[in-house]
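Fold and geometry: a report
So you can see what is in the structure, the chains are spelled out below.
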Amino acid sequence: MNLRDKLRAIDTPKKPAAVPPAPAFSSCWSRREIRDPDDFPEAFQLRRDTVDLMCGALTPSLPSVLDPTRILYLDTETTGLAGGTGTVAFLVGLGRLTREGFVVDQYVMRDYPEERYVLAKVEEALQHCDVLCTFNGRTFDIPLLRDRFLLNRMQPGCFDLPHIDLLHIARRVWKMRLKRCTLSHLEEAVLGTPRLHDLPGSEAPQRYFAYLKTGEFALLDEVLTHNAQDIASLCTLLSAMAHLYEHPDAHPHEEDVFSMGVALERFHHPEEARQCYHLASRGMTRTKGQLYLARSWRRSGERQEAAAIWQGMIDRHEGGIVPYVEMAKHYEHVDRNLPMAMEMTRRAMMLLAEPTLFDSVDTQEQRAALQHRYDRLKQKMKKE
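Heads up: these notes are all about the structure in this document. Each residue is numbered by its place in its chain's sequence as written, counting from 1. For a predicted model such as this one, the threshold for reporting local features is a pLDDT of at least 70, and the threshold for listing and counting side-chain atom pairs is 80 or more; totals across whole chains, interfaces and linings nevertheless cover every residue. Side-chain numbers here rest on the full set of heavy atoms in the structure, without hydrogens or water.

Focus on the layout of surface pockets
Grid points spaced at 1 Å and placed over the protein atoms alone form the basis of the search, with a cavity being a set where a 1.4 Å probe fits but cannot get out and a pocket an open set showing protein on both sides within 12 Å along at least five of seven lines. Lining residues have an atom within 4 Å of a point. Grid points are joined across faces, edges and corners, and a volume is the space filled by probe spheres set on the points. There is about 690 Å³ of room inside the largest pocket. The wall of the largest pocket is formed by 23 residues, among which Phe135, Leu183, Gly201, His226 and Asp230 lie closest to the centre. A run of DSSP states H or I qualifies as a helix once it reaches four residues; a run of E qualifies as a strand once it reaches two. Both are numbered from the N-terminal end. Put simply, the parts of the chain that give the lining of the largest pocket at least two residues each are strand S2 (71-78), helix H4 (137-151), helix H5 (166-178), helix H6 (183-191) and helix H8 (221-246). When residues of the lining of the largest pocket are assigned to their parent elements, the largest contribution, 4 residues, is made by S2. Basically, the charged four are Asp, Glu, Lys and Arg, the nonpolar ten are Ala, Val, Leu, Ile, Met, Phe, Trp, Tyr, Cys and Pro, and anything else, Gly included, counts as polar. The class makeup of the residues in the lining of the largest pocket is 8 nonpolar, 8 polar and 7 charged.

Structure follows, in structure tokens:
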């Protein structure tokens with residue numbers, strides 16, 4: 001190449017490099033699976049009055065007729081567990097009970113611009129349901145999705161549905177016995193279906209970030225499997241809870257039945273609570289069941305019923321000093337029988353009569369309270 005050709009090459013403008021086309025974000029990734037309806041045999045029998053017993057005032061405005069096929073089961077997988085505006089639900093799973101089977105729809109944003117399409121799918125599903133069911137959704141999933149709706153300039157009013165949060169119901173019933181009430185633990189201990197080779201939910205965020213970095217969608221396969229199982233378990237667990245509330249007499253664990261009684265009494269269902277306390281008056285919860293049953297009768301003004309329980313405990317040498325103290329109060333304030341009130345107090349004092357070097361503070365306070373009660377009753381008798 002001579003000098004003239006070199007100069008001509010320099011003066012000739014270079015063609016600009018080809019710009020890759022911008023990705024067209026017009027939808028999100030979705031998948032549907034239908035599970036055998038025989039795996040959810042009791043789900044179609046769910047009744048509104050049972051859900052009312054389970055949830056109390058925490059789930060207002062339930063439809064007058066509860067249609068199990070119009071309950072939407074929802075679970076999310078997010079980019080973080082701490083919440084906040086920087087946390088995004090990259091996967092939302094939705095479950096519906098149908099006559100053909102339990103349908104699980106999953107929506108994934110393959111990149112952040114697809115978030116709006118995922119949220120639109122959630123909005124559409126909620127518009128065709130009467131009740132929302134989650135596990136810890138009241139605290140985490142729904143507040144997060146509401147925030148994401150607002151940040152995407154979408155109205156979050158679709159979430160204003162009656163909400164059954166199974167975590168709170170589960171804790172009220174099973175925490176006493178199981179201590180830990182995670183969904184996977186409940187599946188194993190209550191439903192009898194332990195998960196094998198399941199990806200922990202805490203690992204879902206790093207799987208998603210690895211997918212964004214590499215583009216390998218297969219990294220999300222285990223996340224999708226985990227999420228789909230969560231959705232199906234919500235339906236199964238709700239049915240199991242309803243069966244327990246409807247048939248407490250068939251339940252083998254008295255701790256669960258006792259805990260259910262406490263929850264029922266808290267939500268102002270005394271008759272159902274007393275049935276549970278009566279059933280729980282055996283095994284490990286025998287004493288607690290009797291004491292709570294007597295307390296329930298006393299609160300409703302049925303003091304003779306309560307007294308019969310306390311006297312029975314005294315006859316069987318159950319409950320320590322508690323039934324003696326309660327009978328002392330009963331004789332003093334209801335029967336107006338001060339000598340018997342003093343006798344019950346004296347017998348309670350005898351149970352605590354032997355002080356030791358290892359007496360707890362509670363024991364010392366109980367001993368002092370009994371002595372004070374005895375002295376007060378003695379003075380009261382002198383005035384009559």
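Observations concerning the sheet that holds strand S3 (residues 89-97)
When DSSP locates at least two bridges between a pair of strands, those strands are taken to pair. Pairing in this open sheet of 6 strands is mixed, and the strands run S1-S4-S3-S2-S5-S6 from one edge to the other. Edge positions in the open sheet fall to strand S1 (29-35) and strand S6 (163-165), since each of these has one partner strand only. The average undirected angle you get between the axes of adjacent strands in this sheet is 20 degrees. Sheet analysis places S3 next to strand S4 (residues 102-108), joined by 7 bridges and oriented antiparallel. By the bridge assignment, Gly95 is partnered in S4 with Val104. We call two residues contacting when some pair of their heavy atoms lies within 4.5 Å. As a rule, the C-alpha atoms of each element are fitted with a line to give its axis, helices using only the stretch in contact, and angles between N-to-C directions run from 0 to 180 degrees. Sheet contacts for helix H3 (residues 115-126): S2, S3, S4 and strand S5 (131-134); angle to S3, the most-contacted strand, approximately 20 degrees.

A closer look at the packing of helix H9 (residues 254-266) against helix H10 (residues 270-280)
Contact geometry for H9 and H10: axes closest at 8 Å, N-to-C directions at 155 degrees. One element, H9, and the other, H10, form an angle in the roughly antiparallel class. For the crossing formed where H9 meets H10, the hand is left-handed. Residues Glu254, Val257, Phe258, Met260, Gly261, Val262, Leu264 and Glu265 of H9 touch H10, and the partners they reach there are Glu272, Ala273, Cys276, Tyr277, Leu279 and Ala280. Here the contact of H9 with H10 is composed, by residue class, of 10 nonpolar, 1 polar and 3 charged. Convention used here: angles under 35 degrees read as roughly parallel, angles over 145 as roughly antiparallel, angles from 65 to 115 as roughly perpendicular, and any remaining angle as oblique. Here a crossing is called left-handed whenever its near helix is offset anticlockwise from the far helix by less than a right angle, and right-handed whenever the offset is clockwise.

Some remarks on the pattern of salt bridges
Salt bridges are identified by distance alone: a Lys or Arg side-chain nitrogen within 4 Å of an Asp or Glu carboxyl oxygen. Taken as a whole and assessed by the stated rule, the structure comprises 24 salt bridges. Across the pair Glu33 and Arg35 runs a salt bridge whose closest N-O atoms are separated by 2.8 Å. Glu115 serves as the salt-bridge partner of Arg148, at 2.6 Å between the closest nitrogen and oxygen. In this pair, Arg148 sits in helix H4 while Glu115 sits in helix H3, placing the two residues 33 residues apart along the sequence.

Observations regarding the environment of Ala125
Mapped onto the secondary structure, Ala125 falls in helix H3. Considering only alpha carbons, one finds Ala125 and Cys158, 33 residues apart in sequence, at a separation of 9.3 Å. In this structure Ala125 touches Leu72 and Leu94, once residues within four positions along its chain are discounted.

Let's talk about unusual backbone geometry
The phi angle at His268 is positive, at roughly 65 degrees, despite the residue not being glycine. Within the element layout of this structure, His268 appears in the loop between H9 and H10. Phi is positive for His317, close to 60 degrees, though the residue is something other than glycine.

Comments concerning the state of the cysteines
Cysteine sulfur pairs qualify as disulfides if the two atoms are within 2.5 Å. Evaluation of the coordinates by the stated rule reveals 0 disulfides. We note that Cys55 lacks a disulfide partner, and the nearest cysteine sulfur, in Cys133, lies 8.5 Å from it. Only protein chains enter the area calculation, which uses a 1.4 Å probe; residues under 20% of their type maximum are buried, those over 50% are exposed, and those in between are partly exposed. Owing to a relative accessible area of 3%, Cys55 belongs among the buried residues under this scheme. Cysteine Cys158 remains unbridged, with the sulfur of Cys129 as its closest cysteine sulfur at 11 Å.

Structural notes on the nonpolar core
Core analysis: the biggest nonpolar cluster contains 71 residues, and Tyr73, Phe102, Ile164, Leu166, Trp174 and Leu238 have the highest contact counts within it. Ranked by residue count, the leading element in this core is H8, at 11 residues. Each residue touching Tyr73, except ones within four places of it in the same chain, is listed here: Gly93, Leu94, Gly95, Phe102, Cys133, Ile231, Leu234, Cys235 and Leu238. By nonpolar core is meant a set of buried Ala, Val, Leu, Ile, Met, Phe, Trp, Tyr and Cys residues that side-chain atoms within 4.5 Å join together. Grouped together as the second largest cluster of nonpolar side chains are 34 residues, Met109, Val118, Cys158 and Tyr208 included.

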